Amino acid sequence: MKIKGVLFDFSGTLFRIESAGSWLRAVLDELSVPVPPEEVRRYAVQLAVAGALPGGPTPQQLPPDLAGLWATRDESAERHRAAYTGLARQVALPDPRLYDALYERHRTPDAWRPYADTAEVLGTLKREGIGVGVISNIGWDLRPVFRAHGVDEFVDAYVLSYEHGIQKPDPRLFAAACEAVGQDPRDVLMVGDDRTADGGASELGCAVHFVDHLPVEERPAGLRPVLALTR
């Protein structure tokens, strides 16, 4: 089988969200909320445990009243925001403005870092004439993140769950992504970090390759094997 198109997940695959500490400190500074450093660290740990940082750890204990919302959080912008701000509100932060501000922060390009080989791999695929798509379970438009980090030019299509009202592993979302890059699913490789969500592409006949969801510093070349799989 000759791979003619590659679909990439976003978070944990091409980009990594900042740490909970960096996320919280940025918003505290933005709103001029004075919090001692030891308290910032404590709040950051609590937010991470709650699963309040999108792209970060999943909740260690999901509140029952948020369970239904969490399960379908990526089907709309409204559900995504409600799920994550609801989780953040499990932590008693010192200023009520912080909950919405934290959500807004994670949607900014500054909150995300591309993996070291993201531009190299996407650029190589583009130059070799292989269609490149991004397929993400998400509740907001991530295109500005790609533009800000200089890799939007390598992406042919974005298929975002909230824009379709369905989320991975629903095969309909993968079908839409394959159509968007103009390829038969049997000629497409799906690259992601979640064996359940991203593995759903196999139902359509896509090949699937998994990467490890690690901090940027710990995964300098995790995407490069993709190039060998397309040749």
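Structural data are supplied above this passage.
Residues numbered from 1 in each chain as written. Predicted model: local features only at pLDDT ≥ 70, side-chain atom pairs only at ≥ 80, totals over all residues. Heavy atoms only, no water.

**As for the overall build of the chain**
For the chain, the count of helices and strands is 10 helices and seven strands. Across its three principal axes, the chain shows a C-alpha extent of roughly 55 × 35 × 25 Å. Here the chain holds 231 residues, and 52% of them are scored as buried. Intrachain contacts of the chain at a sequence separation of at least 6 include 68% that bridge at least 24 residues. Within the structure as shown, the chain displays about 10200 Å² of accessible surface, and the carbon and sulfur contribution to it stands at 50%. With 25 positive and 33 negative side-chain charges, the chain shows a separation of 2 Å between the mean positions of the two kinds. (Helix = DSSP H or I, 4+ residues; strand = E, 2+ residues; numbered from the N terminus. Buried < 20%, exposed > 50% of the residue type's maximum accessible area, 1.4 Å probe, protein only. Contact = heavy atoms within 4.5 Å. Areas by Shrake-Rupley, 256 points an atom, 1.4 Å probe, with all protein chains shown as cover. Lys, Arg positive; Asp, Glu negative; His and termini not counted. Charge placed at Lys NZ, Arg CZ, Asp CG, Glu CD.)

**Digging into the pairing of strand 1 (residues 5-8)**
By the alternation rule, side chains of strand 1 split into Gly5 and Leu7 and Val6 and Phe8, which are all buried. Bridge count between strand 1 and strand 4 (residues 131-136): four bridges; the pairing is parallel. Pairing of Val6 across the sheet is with Val132, part of strand 4. Inspection of the sheet shows strand 1 paired to strand 6 (residues 188-192) by four bridges, in the parallel sense. Bridge pairing in strand 6 links Phe8 to Val191. (Pairing = 2+ DSSP bridges.)

**Here we look at the packing of helix 4 (residues 77-88) against helix 5 (residues 98-106)**
Put simply, helix 4 and helix 5 touch, their axes get as near as 9 Å, and they point 125 degrees apart. Relative to helix 5, helix 4 is oriented oblique. Judged by the twist between their axes, the crossing of helix 4 over helix 5 is right-handed. Along the contact surface, helix 4 presents Ala77, His80, Arg81, Tyr84, Thr85 and Ala88, while helix 5 presents Tyr99, Asp100, Tyr103, Glu104 and His106. A breakdown of the residues in the contact of helix 4 with helix 5 according to their chemical character gives five nonpolar, three polar and three charged. (Axes fitted to C-alpha atoms, helices over the stretch in contact; angles between N-to-C directions. Parallel < 35°, antiparallel > 145°, perpendicular 65-115°, else oblique. Left-handed = near helix turned anticlockwise from the far one by under 90°. Nonpolar A, V, L, I, M, F, W, Y, C, P; charged D, E, K, R; others polar.)

**A short note on helix 2 (residues 37-50)**
Taking 1.5 Å of rise per residue, 14 residues should cover 20 Å, and helix 2 covers 20 Å from first to last C-alpha, within 8% of that figure. The set of residues buried in helix 2 consists of Val40, Tyr43, Ala44, Leu47, Ala48 and Ala50. Taken down its axis, helix 2 places every buried residue within 160 degrees of arc, on the same side. Residues Arg41 and Val45 are exposed on helix 2 and point more than 90 degrees away from its buried face. Remark: Gly51 follows helix 2 within two positions and exhibits a positive phi of approximately 80 degrees. (Expected span 1.5 Å × (residues − 1). Arc of directions from axis to C-beta.)

**What to know about the packing of aromatic side chains**
For the structure shown, the criterion picks out eight aromatic pairs. Geometry around Trp70 places Arg73 over its ring, the cationic atom sitting 3.6 Å from the centre. Looking at Arg219, its charged tip hangs above the ring of Tyr115, at a distance of 3.5 Å from the centre. (Phe/Tyr/Trp six-rings, centres within 6.5 Å; stacked < 30°, edge-to-face > 60°. Lys NZ or Arg CZ within 6 Å of the ring centre and 35° of its normal.)

**Some points on the pattern of salt bridges**
Tallied over the entire structure, the rule returns 16 salt bridges. Note that Glu217 and Arg113 form a salt bridge whose closest N and O atoms lie 2.6 Å from each other. Here Glu217 is found in the loop between strand 7 (207-210) and helix 10 (225-229), whereas its partner Arg113 is found in strand 3 (residues 112-114), with 104 residues between them in sequence. Across the salt bridge formed by Asp170 and Arg172, the nearest N and O atoms sit 2.7 Å from each other. Each of Arg81, Asp100, Glu104 and Arg107 takes part in one network of salt bridges that share partners. (Salt bridge = Lys/Arg side-chain N within 4 Å of Asp/Glu carboxyl O.)

**Observations concerning the pairing of strand 5 (residues 157-160)**
Of the two faces of strand 5, the one holding Ala157 and Val159 and the one holding Tyr158 and Leu160 are both buried throughout. Examined bridge by bridge, strand 4 and strand 5 share four bridges and lie parallel to one another. Within the sheet, the bridge partner assigned to Val134 lies in strand 5 and is Tyr158. After leaving strand 4, the chain enters helix 7 (residues 143-148) and then returns to the sheet as strand 5, a path that is right-handed. (Right-handed = clockwise from strand over helix to strand, strands pointing away.)

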